[in-house]
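Fold and contact review
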Amino acid sequence: MVARRGPPAGAAPSGPRHLLLRIGAPPLELEPNRTLVVGRQPDCDLSIPSGKVSRRHAEIYWKRDRPWIVDCGSQNGTTVNGRRITSDHELKDNDEIVIGPYVVTYRFGSETASAAAQPAPDMNALTQPMMSDAMAGNLGQMNLFELLQTLEFNGKTGTLSVFGPDGNGEMVFRNGSPVYAATEDNEGAEAVMELVSWKVGQFNFGPQIAVNATNMTTTVTSLLLEAGRRLDEQASGPEDQE
C-alpha cells in the first residue's frame, strides 16, 4: 500500500496527534480538515493494491474538528471494530479499521507521539509471541516462510491475506494449523506453494475467519518442507536431476 501524505521527516509533534497505526510500517498522520481517500487507485491518498479494495473505497473527513470515516459504496465494505459501517462513523481512540486485507488502528492524543517514535517490532523474532492478534507488513520485511512459522509457533487463529503484483491469496489458520488456502489460480496446498514463491507484496493477518471451509489437513512445517524441496529442485536445474 502507498501513503502519499504524511508529516515531514524529523518534524516534531505539537499537541495531540491523529494517527493511523500500522504494524510493520510507519504511522500515518491525519491532517486536520484534509480528507484522506482510501482505495485501489494509485492516485488515492492511501493506495491499497488489492482486488478486495474498491477503486475509491472509503474516506476519512473532518467534522467539528473530529475525523469521521465513511464507506464510498465499496463492494466489500469497511469495518470498524469488527462491524461493517453503514453510515458515517466518528473515529474514537483505539478504533480498529479494516479495509479489504488492510488493518489500521486510529489513535488520538499526546501519548501517541511517543508510541509513533518507537521502532517497528522485530518481525523476525520467531521465538517471541506476537503482541497483537493483528499484524501487517510487506514481504520485503518478512517473507512468507518466516510469517507462516510465526503463526504456527504462536498458535494463531485467523486469516492471512497476501496481495501484490503476483495476485491475491489468503490462508485460514485455526490454533496455528492451516485449514484453508486459495489464490486466483490454486487452492489448498498448491495455493500455499504459490504464495511462498512471492517475493514482493503486502500481507495482513487478523483474527477473523474469512472462509468457513477446509481444503487441507496438514501442518505449516510439512508445507514448508515441500516448498523447500520444490525450490531446491528448481535451483538445481534439470541437469543435476538426471
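The following refers to the structure shown. (Residues numbered from 1 in each chain as written. Predicted model: local features only at pLDDT ≥ 70, side-chain atom pairs only at ≥ 80, totals over all residues. Heavy atoms only, no water.)

Turning our eyes to something else, we now look at the overall build of the protein. The number of helices and strands found in the protein is four helices and 17 strands. When the 242 residues of the protein are sorted by exposure, 45% land in the buried category. As displayed, the protein has an accessible area near 12,500 Å², and 49% of this comes from carbon and sulfur atoms. (Helix = DSSP H or I, 4+ residues; strand = E, 2+ residues; numbered from the N terminus. Buried < 20%, exposed > 50% of the residue type's maximum accessible area, 1.4 Å probe, protein only. Areas by Shrake-Rupley, 256 points an atom, 1.4 Å probe, with all protein chains shown as cover.)

In space, the five strands of this open sheet follow the order β13-β17-β14-β15-β16, with antiparallel pairing throughout. Edge positions in the sheet fall to β13 (135–138) and β16 (177–183), since each of these pairs with one other strand and no more. Averaged over all adjacent pairs, the angle separating strand axes in this sheet is 15°, with direction ignored. Alignment of strand β14 (residues 158–164) against strand β15 (residues 167–174), held across seven bridges, turns out to be antiparallel. The partner of V162 across the bridge, within β15, is G169. Contacts from helix α2 (residues 144–153) reach β13, β14, β15 and β17 (202–206) within the one sheet, and its direction differs from that of β14 by about 170°. Along the sheet face, helix α3 (residues 188–195) touches β14, β15 and β16 and points at about 75° away from the line of β16. (Pairing = 2+ DSSP bridges. Axes fitted to C-alpha atoms, helices over the stretch in contact; angles between N-to-C directions. Contact = heavy atoms within 4.5 Å.)

With that settled, consider the state of the cysteines. Here is the idea: a disulfide is a covalent bond, and it sits between the sulfur atoms of two cysteines. Tallied over the full model, the rule gives zero disulfides. For the unlinked cysteine C44, the closest cysteine sulfur is that of C72, found at 8.8 Å. According to the relative accessible area criterion, C44 is buried, its value standing at 3%. (Disulfide = S-S within 2.5 Å.)

Let's shift gears to the packing of aromatic side chains. One pass over the full model with this rule turns up one aromatic pair. Between F173 and F205, the aromatic rings sit 6.5 Å apart at their centres with planes inclined by 75°, giving edge-to-face as the arrangement. Here F173 is found in strand β15, whereas its partner F205 is found in strand β17, with 32 residues between them in sequence. With respect to burial, F173 and F205 carry one shared label: buried. A cation sits over an aromatic face here: K63 above W68, 3.8 Å from the ring centre. It is R66 that lies over the ring of F108; its NZ or CZ is 5.1 Å from the centre. (Phe/Tyr/Trp six-rings, centres within 6.5 Å; stacked < 30°, edge-to-face > 60°. Lys NZ or Arg CZ within 6 Å of the ring centre and 35° of its normal.)

We now examine α2. The complete set of buried residues in α2 reads L144, L147, L148, T150 and L151. Across the axial projection of α2, the buried residues extend over an arc of 155°, all falling on one side. Backbone geometry just after α2 places G155 at a positive phi near 60°. (Arc of directions from axis to C-beta.)

One finds L148, L160, M171 and V192 to be the most contacted residues of the largest nonpolar core, which totals 25 residues. With sequence-adjacent residues up to four places away left out, V192 is seen in contact with L148, M171, A181, M216 and L223. V53, A58, I85 and I99 belong to the second largest nonpolar core, which has 21 residues in total. (Core = buried A, V, L, I, M, F, W, Y, C linked by side-chain atoms within 4.5 Å.)

Take empty space enclosed by the protein next. Counted under the stated rule, the structure contains three cavities of 30 Å³ or more. V38, L46, I97, I99 and V104 are the residues nearest the centre of the largest cavity, which is lined by 13 residues in total. Sorting the residues of the lining of the largest cavity by element identifies β4 (36–39), β6 (58–63), β11 (96–99) and β12 (102–109) as the ones contributing at least two each. Here the residues of the lining of the largest cavity sort into 12 nonpolar, no polar and one charged. (1 Å grid on protein atoms, 1.4 Å probe; cavity = no way out; pocket = protein on both sides within 12 Å on 5 of 7 lines; lining within 4 Å. Points joined across faces, edges and corners; volume = space filled by probe spheres on them. Nonpolar A, V, L, I, M, F, W, Y, C, P; charged D, E, K, R; others polar.)

Another aspect to go through is the pattern of salt bridges. In this structure the tally under the stated criterion is nine salt bridges. Here E59 makes a salt bridge to R56, at a shortest N to O gap of 2.5 Å. Of the charged contacts, one joins E233 and R229 as a salt bridge, the two residues approaching to 2.5 Å between their closest N and O atoms. Highlighted residues: E233 and R229, both in helix α4 (residues 220–240), separated by four residues, approximately one helical turn. Assessed through its relative accessible area of 35%, E233 is described here as partly exposed. Among the residues examined, R229 registers a relative accessible area of 38% and is labelled partly exposed. Sharing partners across several salt bridges, the network here consists of E190, E226, R229, R230 and E233. (Salt bridge = Lys/Arg side-chain N within 4 Å of Asp/Glu carboxyl O.)

Just distances and angles here, no functional claims.
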